[in-house]
Structures are given as C-alpha cells and as structure tokens.
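What follows is each chain in one-letter form.
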Amino acid sequence: VKNAGLDIYPDIVFNHRMGGDEAERFMATPFESRNRLTPTGSLREIESYTKYAFPARKKAYSDFQWNWRHFDAVDFDELNPKNGNGTVYLIEGHQFDDSVSLENGNYAYLMGCDVDFQSADVREEMVRWGKWYLDITGADGFRLDAIKHISAWFFPEWIREMEKHAGKNLFIVGEYWKCDITALTWYIEAVQQKISVFDVPLHFNFFNAGRQGRSFAMRTLLDATRRRHAPVHAVAVLDTPDSKPLR
C-alpha cells in the first residue's frame, strides 16, 4: 500500500470491550439507558463477562489482562439476564467518564464493557498498545471510533505519546457522530485541535439533497457545516449505496 503512495489510517475502537473470557462478580448500580444521571435502584451484586485473559495469546506482546476494575459500566447481569434490556450498571467505585457527549445526561456508556479512562492503568496500557501497533503496522495516523463516548482530555495525552514514538505528526480523524456544529466545534477545542472530525452536518445535507432531489436548494448545501464555518479539522463522509449508516 505504501509503495503505491497511500497513507494507512487503521480504524481503532478504544471505547469498549466485548466477548470477555470469564465472568466476574462485583457491585454495581443500575441506571436506565436514556438517563445516566438518576439511578433506578440500589447498589447490588451482579455478574458480567469482564475478564479478558487472552489465553490463546499466552502473554505474547502484552501480559495485560482486563478485569472489572478497568471498566466503569456494563449492560448485562448474568444473575438477572432479563433485566439487561435498557439497563446500564455503573460499577462500584467508578463514575461515568467526564468530558463526553451530554446525550442521555452522560453518554460515556455505549455498549459492552465500557473502558474506564479515568484509570491510570488503562491509560498506560493504551499507550503501550499504541506504540506496539505503530511498530507493527507503520500507520500514518488513525480513524478513532465512538470518540464522543470517551473523555476528550485523554486524546491529547495519547496522541502526543504516539507522535513522539513515531517521530512524526500523525493524521487523526474521529467519529463524533452528532449533527450539531456547536458540539463538533466544542470537541475540536477540547482535544486541543489534535483530532479532525467527520463533518456530520454536511453528511446529512447531502442525504437531504438526495432525498429531496430537484426541490433541494444546492446553495444551502454547506449551511451549518464545518466545511463552511471552519474547514480545518473537518473531513467529509458520505454514504454509498451499499454502506451502512454510521452511529
């Protein structure tokens, strides 16, 4: 690929882990998925698949093993599996990450085992993993998934470590899926302008143009978009006929 003059930007999912190797028991507080501010019940013992031991890896590349202490929330309780629909369990001793989207009161939790970026052990492992990944792939940057669910202050720290290790600037684009130019602008400033974002308003303007056909006023295509108001750190993203909608 690089011999053809192309840069490599792998898609990285930091926000969550799924498919744990073992179940663990711990205390957690239930919240309704659409309201992360008010608990729906008291602290209770739950069981969830939060142990990631990677037995097949046999400690190659990394001996780090994830357990419930590295996550702040889950959405499944093996002890009460029928209660999992729409319930988010905040793990005892943790809080939902800050500096995230304010949808649902706090949108840190998305799915699976939600990684706790307020944990120093987690942040150190992310840095170790990132350096290893750069060494293995020689990537020129990253496409970061689900960034509105991750503490914004984490990324400037992580990117500085990655660029120092790579010895060059890295292009970073993140999926902050919100059709709101104010939210996108806030995020770019929150990450110290180290991450570009997909121009979601432009995406939906193209979508509306396709739906409305001749009735769509093309002069309004760039209205309320990053492309018009602040094109720096904006990346266009469009659907194709066989693509799936982004979150």
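Up top is the structure.
The text that follows walks through the structure, step by step, so that each part is easy to find. (Residues numbered from 1 in each chain as written. Predicted model: local features only at pLDDT ≥ 70, side-chain atom pairs only at ≥ 80, totals over all residues. Heavy atoms only, no water.)

## Description of the packing of aromatic side chains
Working definition: an aromatic ring pair is given by the centre-to-centre distance plus the angle between the planes.
Working step 1: On inspection of all chains with the given rule, the structure shows 21 aromatic pairs.
Working step 2: Ring geometry for Phe-117 and Phe-154: centres 4.8 Å apart, planes at 50°, overall tilted. Here Phe-154 lies in helix H2 (residues 154–166) and Phe-117 lies in the loop between strand S8 (113–115) and helix H1 (120–137), a separation of 37 residues in the sequence.
Working step 3: Of the residues examined, Phe-154 reaches a relative accessible area of 1% and is grouped as buried. (Phe/Tyr/Trp six-rings, centres within 6.5 Å; stacked < 30°, edge-to-face > 60°. Helix = DSSP H or I, 4+ residues; strand = E, 2+ residues; numbered from the N terminus. Buried < 20%, exposed > 50% of the residue type's maximum accessible area, 1.4 Å probe, protein only.)

## Quick look at the sheet that holds strand S11 (residues 196–198)
Two pairing modes exist for strands in a sheet, parallel and antiparallel, and in both the strands are linked by backbone hydrogen bonds.
Working step 1: Pairing within the open sheet is parallel, and its 5 strands lie in the order S1-S9-S10-S11-S12. Every other strand in the sheet has two partners, leaving strand S1 (11–12) and strand S12 (234–235) as the edge strands with one partner each.
Working step 2: In this structure, strand S9 (residues 141–144) lies alongside strand S10 (residues 171–174), joined through 4 bridges in parallel fashion. Of the residues in S10, the one forming a bridge with Gly-141 is Phe-171. (Pairing = 2+ DSSP bridges.)

## Here we look at helix H4 (residues 200–212)
Working step 1: For H4, built from 13 residues, the straight-helix expectation of 18 Å at 1.5 Å per residue is met to within 8% by its first-to-last C-alpha distance of 18 Å.
Working step 2: Inspection of H4 places Val-200, Pro-201, Leu-202, His-203, Asn-205 and Ala-209 among the buried residues, and these make up the whole buried set.
Working step 3: Phi turns positive, to about 65°, at Gly-213, one or two residues after H4. (Expected span 1.5 Å × (residues − 1).)

## Considerations on the side chain of Ser-48
Working step 1: With respect to the helices, strands and loops of the structure, Ser-48 is situated in strand S5 (residues 44–51).
Working step 2: With sequence-adjacent residues up to four places away left out, Ser-48 is seen in contact with Glu-22, Ala-23, Glu-24, Phe-26, Val-74 and Phe-76. (Contact = heavy atoms within 4.5 Å.)

## Examining the pattern of salt bridges
Working step 1: Within this structure, the stated rule accounts for 10 salt bridges.
Working step 2: Two residues, Glu-45 and Arg-25, come together in a salt bridge whose shortest N-O distance is 3.9 Å. Taken together, the residues span a long stretch of sequence, with Glu-45 in strand S5 and Arg-25 in strand S3 (residues 22–32) at a distance of 20 residues.
Working step 3: Across the pair Lys-168 and Asp-140 runs a salt bridge, and its minimum N-O distance is 3.0 Å. With Lys-168 in the loop between H2 and S10 and Asp-140 in the loop between H1 and S9, this pair connects stretches of sequence that are 28 residues apart.
Working step 4: When its relative accessible area of 11% is taken as the criterion, Asp-140 is described as buried.
Working step 5: Salt bridges linked by common partners bring Asp-11, Arg-143 and Asp-145 together as one network. (Salt bridge = Lys/Arg side-chain N within 4 Å of Asp/Glu carboxyl O.)

## Digging into H1
Working step 1: Its 18 residues give H1 an end-to-end C-alpha distance of 26 Å, which sits within 8% of 26 Å, the value for a rise of 1.5 Å per residue.
Working step 2: Taken residue by residue, H1 has Val-122, Glu-125, Met-126, Val-127, Gly-130 and Leu-134 as its buried positions.
Working step 3: Buried positions along H1 lie against strand S2 (16–17), S8, S9 and H2.

## Quick notes on the nonpolar core
Working step 1: Judged by nonpolar contacts, the single largest core of 41 residues is most densely connected at Phe-14, Met-126, Leu-144, Phe-155, Trp-158 and Tyr-187.
Working step 2: Those elements giving two or more residues to this core turn out to be S3, strand S6 (71–74), strand S7 (87–91), S8, H1, S9, H2 and helix H3 (181–190).
Working step 3: No other element matches H2, which puts 5 residues into this core.
Working step 4: Residues contacting Met-126, with those up to four places away along its chain left out, are Phe-14, Arg-17, Trp-66, Val-115, Phe-117, Phe-154 and Trp-158. (Core = buried A, V, L, I, M, F, W, Y, C linked by side-chain atoms within 4.5 Å.)

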